[in-house]
Amino acid sequence: MSKKKIIQVPKGTYDILPQDQAYWDKIRKSAQDTAADFGFLRIDTPMIEEQELFARGIGLGTDIVEKEMYSFTTRGKDKLALRPEFTAGIARAFIEHGLFSIAQPLKLWSVGPIFRYEQPQAGRYRQSHQVDFEVFGSTDAVLDAQIIQVAFWFLKKIGLKDIILHINSIGCKDCRGLYRKALVDYYRRNAKKICADCKVRLKKNPLRVLDCKNEKCQEIIAQAPVMVDYLCDDCKEHFKETLDYLDELEISYYLDSHLVRGLDYYNRNVFEFFISQEGEGKKPLALGGGGRYDGLIKLLGGKETPAVGLALGVERIIGEMKKRGAKVPEKAAPEVFLLQLGVLAKRKGLKLYEELLRNKISVAESFSRDSIKAQLKLADKMQAKIALIFGQQEALDDTIIIREMDSGVQEIVPLSRAVKKLKKKLVRGK
Ligand code: HAM
């Protein structure tokens with residue numbers, strides 16, 4: 001017989017095993033608490049959307065849409081894609097359900113998987129997860145500062161400190177046009193010194209040249225004109241106001257004139273959150289990013305609605321939690337471990353287990369084990385306070401043994417009084 005191929009998880013994806021769930025619980029709980037603290041409402045959108053949504057929203061020339069999207073045509077000939085991020089889907093839902101009629105600004109949040117066909121490496125997956133916060137309905141810079149505050153609040157709840165905030169303003173349509181021209185002129189003058197990719201970027205999406213990692217281009221980037229010098233008065237004022245609010249919040253920031261972000265919907269403030277990495281020459285890791293996107297809702301066919309938001313990468317956060325030994329809640333020990341011997345005890349045990357649960361007694365069992373010794377060992381390992389032993393004789397007599405695990409003291413009680421007796425013992429033991 002030929003050996004069957006062992007099927008493995010697809011490249012760039014992974015299983016979240018039971019031992020890692022405590023980290024995920026902590027992320028979900030902290031996100032939920034942060035959302036409640038700052039008045040965000042939960043929204044869940046599908047993992048599949050029309051390709052057109054991302055092409056229009058994120059931008060056709062972006063790496064995400066051009067190279068990284070999982071796109072497919074369904075049997076019904078619909079052109080769909082797995083979401084590579086949350087913002088475009090949430091914006092679509094905002095328009096589709098007329099959410100602008102709810103009090104503005106409207107704050108929405110979500111958590112779940114995103115899909116990008118990237119080259120997998122440490123901290124980079126094809127299916128990863130984001131916690132996402134969005135605010136719709138106001139251009140006020142106070143909201144840009146607040147959304148940054150939200151990210152810091154959330155990361156602090158998780159137990160991560162030393163977050164480095166990078167911030168820049170990429171202006172509005174008008175002032176960005178002037179800047180783009182200055183940048184392109186400068187790059188043309190230096191055309192011989194730049195990498196091949198930047199030559200393409202210059203034609204398709206000039207601002208992205210500032211993001212180039214190629215060594216050859218670093219010197220050119222360092223001397224390039226900077227966006228803040230080209231901001232119009234309104235954008236300059238908006239940027240300044242944001243920074244003033246951040247000062248007030250005592251959030252320090254690094255003015256990063258090269259920060260442009262890889263999604264086309266942004267205008268004015270863009271920001272990223274980094275955490276330092278141990279080891280010589282190791283670059284800080286981006287935990288999340290976001291910015292303002294005042295034109296997206298209109299671009300998608302809704303009425304003009306300014307917005308600002310951010311997303312944080314769950315895998316990277318969990319990676320840092322592990323590295324830094326962040327505390328995650330351990331599973332609480334059961335109050336009672338129910339042991340049994342023989343078929344009759346097993347039968348009655350199944351029912352008793354439910355009765356204990358109904359009486360809010362936390363309980364564990366190992367019904368498929370037949371050795372009392374092995375079951376006691378497990379009860380001890382799980383640090384149960386009390387062992388309830390249902391032997392063959394007890395099952396016949398409708399009695400049960402209550403044994404205190406610490407002292408080994410035990411007594412036989414009628415089954416009908418077991419719960420009452422247990423409750424008394426557990427209260428005394430607290
Ligand atoms: P983004 O910068 O593309 O922004 O993603 C945010 C974060 O998601 C990244 O900083 C990173 O931590 C995580 N992330 C992204 N791709 C991967 C991947 N392949 N593997 C692991 N982690 C990843 C956005 O997605 C925007 N939608 C943020 C936003 C919300 N802007 C406005 N509102």
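All figures in this text were calculated on a predicted structure; none of them were measured in a lab.

Engineer: Honestly, the overall build of the protein in this entry has me stumped. Any pointers?
Structural biologist: Within the protein, the regular secondary structure consists of 15 helices and 16 strands. Its C-alpha atoms give the protein principal-axis dimensions of about 95 × 65 × 50 Å. Classification of the 430 residues of the protein by burial places 48% in the buried group. For the protein, restricting intrachain contacts to residue pairs at least 6 apart in sequence, the fraction spanning at least 24 positions comes to 70%. Of the roughly 23,800 Å² of accessible surface on the protein, a fraction of 52% belongs to carbon and sulfur atoms. When the 72 basic and 58 acidic side-chain charges of the protein are each reduced to a single mean position, those positions are 6 Å apart.

Engineer: Whenever I open this one, the sheet that holds strand β3 (residues 71–73) confuses me. Can you help?
Structural biologist: Strands belonging to one sheet form pairs held by backbone hydrogen bonds; the direction of such a pair is parallel or antiparallel. Taken in spatial order, the 3 strands of this open sheet run β2-β4-β3, and their pairing is antiparallel. Looking at which strands have only one partner, the edges of the open sheet turn out to be β2 (48–50) and β3. Across this sheet, the average inter-strand angle for adjacent strands is 35 degrees, counted without regard to direction. In the sheet, β3 pairs with strand β4 (residues 79–82) via 3 bridges, with the strands oriented antiparallel.

Engineer: I tried to follow the environment of A326 on my own but got confused; where do I start?
Structural biologist: On the secondary structure map, A326 appears in the loop between α11 (314–323) and β12 (336–340). Residue A326 is classed as buried on the basis of its relative accessible area of 15%. As a C-alpha pair, A326 and I158 span 168 residues in sequence and 7.6 Å in three-dimensional space. With near-sequence residues (within four places) excluded, A326 lies in contact with I158 and M321.

Engineer: What exactly am I supposed to notice about the pattern of salt bridges here?
Structural biologist: It is possible for side chains bearing opposite charge to pair when their charged atoms get close. In total, this model carries 27 salt bridges according to the counting rule given. Among the salt bridges present, the one from R28 reaches D25, with a minimum N-O distance of 3.4 Å. Within this pair, R28 and its partner D25 are both found in helix α1 (residues 21–38), separated by 3 residues, close to a single helical turn. Overall, R28 belongs to the partly exposed group, its relative accessible area being 36%. In this structure D25 comes out as partly exposed when scored by relative accessible area, which is 45%. The closest approach of N and O atoms between E96 and R92, which form a salt bridge, is 2.8 Å.

Engineer: Help me understand α11 in this model?
Structural biologist: Because an α-helix packs 3.6 residues into every turn, residues spaced three or four apart end up facing the same way. Residues of α11 that are buried: V314, E315, I317, I318, E320 and M321. Close packing links the buried residues of α11 with α1, β6 (127–136), α5 (141–158), β9 (267–275), β10 (285–292) and β11 (307–313). Phi for G325, located one or two positions after α11, is positive at around 65 degrees.

Engineer: Can you help me understand the sheet that holds strand β14 (residues 386–390) in this one?
Structural biologist: The sheet built from 5 strands is open, its strands ordered β13-β12-β14-β15-β16 with mixed pairing. Both edges of this open sheet fall to β13 (363–365) and β16 (410–414), since each of them pairs with a single strand only. Looking at each pair of strands side by side, their axes are set apart by 25 degrees on average, direction ignored. Of the pairings in the sheet, the one linking β14 to strand β15 (residues 399–404) comprises 4 bridges and is antiparallel in character. In the strand pairing of β15, I389 is matched with I401. This element, helix α13 (residues 372–381), spans β12, β14 and β15 of the sheet and lies at about 170 degrees to β12.

What counts, and where the lines are drawn
- Residues numbered from 1 in each chain as written.
- Predicted model: local features only at pLDDT ≥ 70, side-chain atom pairs only at ≥ 80, totals over all residues.
- Heavy atoms only, no water.
- Helix = DSSP H or I, 4+ residues; strand = E, 2+ residues; numbered from the N terminus.
- Buried < 20%, exposed > 50% of the residue type's maximum accessible area, 1.4 Å probe, protein only.
- Contact = heavy atoms within 4.5 Å.
- Areas by Shrake-Rupley, 256 points an atom, 1.4 Å probe, with all protein chains shown as cover.
- Lys, Arg positive; Asp, Glu negative; His and termini not counted.
- Charge placed at Lys NZ, Arg CZ, Asp CG, Glu CD.
- Pairing = 2+ DSSP bridges.
- Axes fitted to C-alpha atoms, helices over the stretch in contact; angles between N-to-C directions.
- Salt bridge = Lys/Arg side-chain N within 4 Å of Asp/Glu carboxyl O.

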